[in-house]
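Descriptive analysis of the structure
What follows is the residue order along each chain.
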Amino acid sequence: MFIDDIRQDFYNVLLGHRVLLLVHYDVDAICTCKILQDLFKCDNVSYTLVPVGGISELKTAYEENCEEIKYVVLINCGGTIDLVDILQPEEDVVFFVLDSHKPTDVCNVYSDGQVRLVHRDNEENIPDFDDIFRDDEEENEEEEPEGGREALEAAVERRRARRAWEERRHTLMFNYTQFSYYGKPSACVLLELCHVASRCGVAALWAASVAAVAARAQAQRAPAACLLDADTLHRLVAGLRRTGGDDTQARLALEKEAWLPLYRVWSLEAALKHSPLVGPHLKMHTLAGANKLRQLLADMGFPLQQARQAYRSMDVELRRSLITALETSAPKHKLPTPVEATFLLYRPHSPPLPALDVTYAILGLIEHQTLPPAEGFQHALSALDILPGCCESRRLGFASAQAALQGVARLVHSTLTSRGLHLAGPFSYFIVQEGTPEAELVKGPHWLGVATRWLSAAGGGTRPLLGAAPAAGPERGRSLLLGLPPRADHEPRNLFGAAFEQAAAKSGVSVSIDYIDSSVITLPTSQRTQFLDALTALLA
């Protein structure tokens, strides 16, 4: 069921109780967790925090921590599955679900109160209860009815009506579940709670800003939807007169900013080469790519010596002219303008911190090359701190993200130059070979998603694209498979989740649909070709 009042029906219910907090490994979930942690700290709410990466981890985390727990909050997990059926909780346990993954499972929607959904997205076209659930089970319908001809005709008519209802239900459920997509970022939803509770400070606004920027950077939402999602955020930032506390004096600003990853801690040339927005159009895998980059820098008025050194060491006048130079020169080279209005955090004695950079830092931490996921999760929470000065967690995330972006660029270039982008009828696909350096960098769905979107943009983005890479950790011998719809940057609704399930059923491949995002699966590497053949036949 959906709650009506986020403060009264959600947060006030938790006060005075111990809460189990289950949080997914993604940027939005971590930002939401950061906001909720600050609220819990203010009200002395005790909680147990457990990060989860998939449905099996969610079930294990609940089973290990459910003793004496009556309230469970799930952030960006649990909304798309039947929670009561999978977790088998006691009747007095209540689940509060704040999940941006859509569509929401209908059993959660029509729960009698054990599952309470914190937010309903306007895009959700949920079928009516009477269209998908029936109370009459028509007991003993198969037996021969007694009472003569009229009773027989009535029984036949009931069976006909039931078959018609079942066909309609199948059609409605197919239309409702055929696409997976993302709703409004959970951190932006929780910001509304901070607003009504008069606790909307810089820390909460900053976390919500990073989540909103992450949805745009990862193409989880269409550009127009991202603007609407962040409407409340824009108004709160604009209306914020006193920011932070006397100990930080931090302030948040919405300004034009170069949409280049980590350029403030990198160099301008490196940021352009490794930008998922600009990189595909520079075509660095060709001989002309390097010349095109040099011509772009020349048109911008940036000497190579300046563009190749650390941004902080560049000439001050060049730094001041960067935004204008990018806006003017990029269209001349038929590049998407890498300038957007975004959020920056200003702190005393510290350089400005763009929300885009923190997005990549968090991605680098939750899919770090060497850190365990749980440790990376804790570092990601620390990376959202607004205190002035250096943050070691953020620095660690920047370094990891830089290495990952370099690996993604190498992977894309090697795939394109070696003709590793294969055509399979209705879609294209590429495979990251096991044992290559890049395979260790794209072993998770986030960085594999960046590589897949980069390759899709390099090819025009008109065809669906599948990316396959060796799965990490205990999944050795299995492949990670990620599906991307055509023109994902404009219409990110994804049909691969439902297609994967059908192809697995038809091919008999032991596919694991354990990820929260249904468009990401794992399967045995030895059966990958068999599965792709079945998927090709299904979508043809």
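Computed from a predicted model, the values in this text were never measured in an experiment.

**Topic: the packing of aromatic side chains**
- As enumerated under the stated definition, the model contains 14 aromatic pairs in all.
- Seen in terms of ring centroids, F40 and Y47 are 5.5 Å apart; in terms of plane orientation they differ by 45°. Their pairing is tilted.
- The buried category is assigned to F40, whose relative accessible area is 1%.
- According to the relative accessible area criterion, Y47 is partly exposed, its value standing at 26%.

**Regarding the sheet that holds strand β9 (residues 339-346)**
- Overall, antiparallel pairing links the 3 strands, which are arranged β8-β9-β10 in an open sheet. With partners counted over all chains shown, the strands left at the sheet margins are β8 (251-258) and β10 (353-354), one partner each.
- Examined bridge by bridge, β8 and β9 share 8 bridges and lie antiparallel to one another. Looking at the pairing, A258 lines up with V339 of β9.
- Taken strand by strand, helix α11 (residues 231-238) contacts β8 and β9, and its axis lies near 120° from that of β8.

**Side note on the layout of surface pockets**
- When its volume is computed, the largest pocket comes out at roughly 1,200 Å³.
- Forming the walls of the largest pocket are 47 residues, and the residues nearest its centre are E367, G444, P445, H446 and Y515.
- Contributions of two or more residues to the lining of the largest pocket are made by α3 (55-65), β7 (181-182), α22 (445-458), β14 (478-484) and β15 (520-524).
- Among the residues making up the lining of the largest pocket, the classes are represented as 19 nonpolar, 20 polar and 8 charged.

**Some points on the pattern of salt bridges**
- Tallied over the full model, the rule gives 19 salt bridges.
- Residue D229 pairs with R221 through a salt bridge whose shortest N-O separation is 2.8 Å.
- Notably, a salt bridge pairs E438 with R410, separated by 3.0 Å at the nearest N-O pair. In this pair, E438 sits in helix α21 (residues 437-441) while R410 sits in helix α20 (residues 392-417), placing the two residues 28 residues apart along the sequence.
- Since its relative accessible area comes to 13%, E438 is described here as buried.
- Here the salt bridges do not stand alone but share partners, grouping E123, R221, D229, E491 and R493 into one network.

What counts and how
- Residues numbered from 1 in each chain as written.
- Predicted model: local features only at pLDDT ≥ 70, side-chain atom pairs only at ≥ 80, totals over all residues.
- Heavy atoms only, no water.
- Phe/Tyr/Trp six-rings, centres within 6.5 Å; stacked < 30°, edge-to-face > 60°.
- Buried < 20%, exposed > 50% of the residue type's maximum accessible area, 1.4 Å probe, protein only.
- Pairing = 2+ DSSP bridges.
- Helix = DSSP H or I, 4+ residues; strand = E, 2+ residues; numbered from the N terminus.
- Contact = heavy atoms within 4.5 Å.
- Axes fitted to C-alpha atoms, helices over the stretch in contact; angles between N-to-C directions.
- 1 Å grid on protein atoms, 1.4 Å probe; cavity = no way out; pocket = protein on both sides within 12 Å on 5 of 7 lines; lining within 4 Å.
- Points joined across faces, edges and corners; volume = space filled by probe spheres on them.
- Nonpolar A, V, L, I, M, F, W, Y, C, P; charged D, E, K, R; others polar.
- Salt bridge = Lys/Arg side-chain N within 4 Å of Asp/Glu carboxyl O.

By themselves, these figures tell us nothing about what the structure is for.
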